[in-house]
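Per-entry structural report
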Amino acid sequence: MALSYKARRRLALLVLVLGLPIYIVMAVTIMNWIDRPGLWIELGVYIGLGVLWAFPLKAVFKGIGQPDPDTSDDRSA
């Protein structure tokens, strides 16, 4: 079952406000647990983790910036 536009907007907001900061804290914590690798490896890991979170959530964010397709914008009446 596909999510409605309003549900996707709310879920996207929840992910950005709560999920992303939690993901960032987890990524930094995991990087601190391991010994510090070389600068380029560490930079690559952070860039990879920075892009990795978006792939599973691509469907949630798709079309969020567009007007609601479920409402009719008939103002000529």
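Let me begin by describing the structure that accompanies this report. Here the residue numbering is sequential within each chain, running from 1 through the sequence in written order. Whole-chain, interface and lining totals are the exception, using all residues; otherwise, since this is a predicted model, local features are given only for residues with pLDDT of at least 70 and side-chain atom pairs are given and counted only at 80 or more. Hydrogens are left out, water is left out, and the side-chain values use all remaining heavy atoms of the structure.

**Here's the deal with the overall build of the protein**
Where helices and strands are cited, they refer to DSSP runs of H or I of at least four residues and of E of at least two residues respectively, numbered from the N terminus. Summing up its helical and strand segments, the protein has 3 helices and 0 strands in all. When the elements of the protein are put in sequence order from the N terminus, they spell out α-α-α. Throughout, the radius of gyration refers to the C-alpha atoms, and the reference size of a globule is 2.2 Å times the residue count to the power 0.38. For a compact globule of 77 residues, the expected C-alpha radius of gyration is about 11 Å, and the protein comes in at 18 Å, more than 25% above that figure. Out of the 77 residues belonging to the protein, those deemed buried represent 13%. Computed over 8 positive and 6 negative side-chain charges, the separation of the two mean positions in the protein equals 1 Å. Partly exposed describes any residue whose relative accessible area lies between the buried limit of under 20% and the exposed limit of over 50%, with all areas from a 1.4 Å probe on protein chains only and scaled to the type maximum. Counted as positive: Lys and Arg. Counted as negative: Asp and Glu. His and the chain ends are not counted at all. Every charge is mapped onto a representative atom, which is NZ of Lys, CZ of Arg, CG of Asp or CD of Glu.

**Observations regarding the packing of helix α1 (residues 5–33) against helix α2 (residues 39–52)**
All axes here are fitted lines through C-alpha atoms, helices being fitted over the stretch that makes contact, and every angle between N-to-C directions spans 0 to 180 degrees. In the contact formed by α1 and α2, the axes pass within 11 Å of each other and the chain directions differ by 155°. Judged by the inter-axis angle, α1 sits roughly antiparallel to α2. Of the two possible hands of crossing, α1 and α2 adopt the one that is right-handed. Across from Tyr23, Ala27, Val28 and Met31 in α1, the residues of α2 making contact are Glu42, Val45, Tyr46, Leu49 and Leu52. Only Asp, Glu, Lys and Arg are considered charged in this grouping, and only Ala, Val, Leu, Ile, Met, Phe, Trp, Tyr, Cys and Pro are considered nonpolar; every other residue, Gly among them, is considered polar. Of the residues belonging to the contact of α1 with α2, the class tally is 8 nonpolar, no polar and 1 charged. Should an angle fall under 35 degrees it is taken as roughly parallel, and over 145 as roughly antiparallel, whereas 65 to 115 is taken as roughly perpendicular and any remaining angle as oblique. Left-handed is the label given to a crossing in which the near helix is rotated counterclockwise from the far helix by less than a right angle, and right-handed is the label when the rotation is clockwise. Note on contacts: a residue pair qualifies if any of its non-hydrogen atoms lie within 4.5 Å across the two residues.

**A short note on the environment of Phe61**
Residue position: Phe61 is located in helix α3 (residues 58–61). The partly exposed category is assigned to Phe61, whose relative accessible area is 25%. If sequence neighbours within four positions are ignored, Phe61 has contacts with Ala12, Val15, Leu16 and Trp53.

**A word on a nonpolar patch on the surface**
Taken together, the side chains of Leu3, Leu11, Leu13, Leu14, Leu16, Val17, Leu18, Ile22 and Met26 present a nonpolar region at the surface, about 820 Å² in accessible area. In this fold, Leu18 is placed in helix α1. Leu18 sits in the partly exposed class, given a relative accessible area of 48%. Patches here are clusters of residues that have more than 30% relative accessible area and form no salt bridge, with a 9 Å joining cutoff for like charges and a 5 Å cutoff for nonpolar side chains (Val, Leu, Ile, Met, Phe, Trp, Tyr). Surface exposure here means Shrake-Rupley accessible area, sampled with a 1.4 Å probe, where a residue is shielded only by the protein chains that are shown. What makes a salt bridge here is a side-chain nitrogen of Lys or Arg within 4 Å of a carboxyl oxygen of Asp or Glu, nothing more.

**Describing the pattern of salt bridges**
Counted according to the given criterion, the structure contains 1 salt bridge. With a closest N to O distance of 3.0 Å, Glu42 and Arg36 form a salt bridge.

**So, α1**
Within an α-helix, residues lying three or four positions from one another point in the same direction, as the helix has 3.6 residues per turn. Helix length check: α1 (29 residues) gives 40 Å between terminal C-alpha atoms against 42 Å at 1.5 Å per residue, within 8%. Fitting axes to the seven residues that end at a residue and to the seven that start at it, the angle between those axes gives the bend at that residue. Gly19 marks the point of greatest bend in α1, at about 40°, and the proline Pro21 comes within the next four residues. Within the span of α1, buried status applies to Tyr5, Arg8, Ala12, Val15, Leu20, Ala27 and Met31. Residues of α1 that are buried make contact with α2 and α3. Expected helix span is computed as 1.5 Å times (number of residues minus one).

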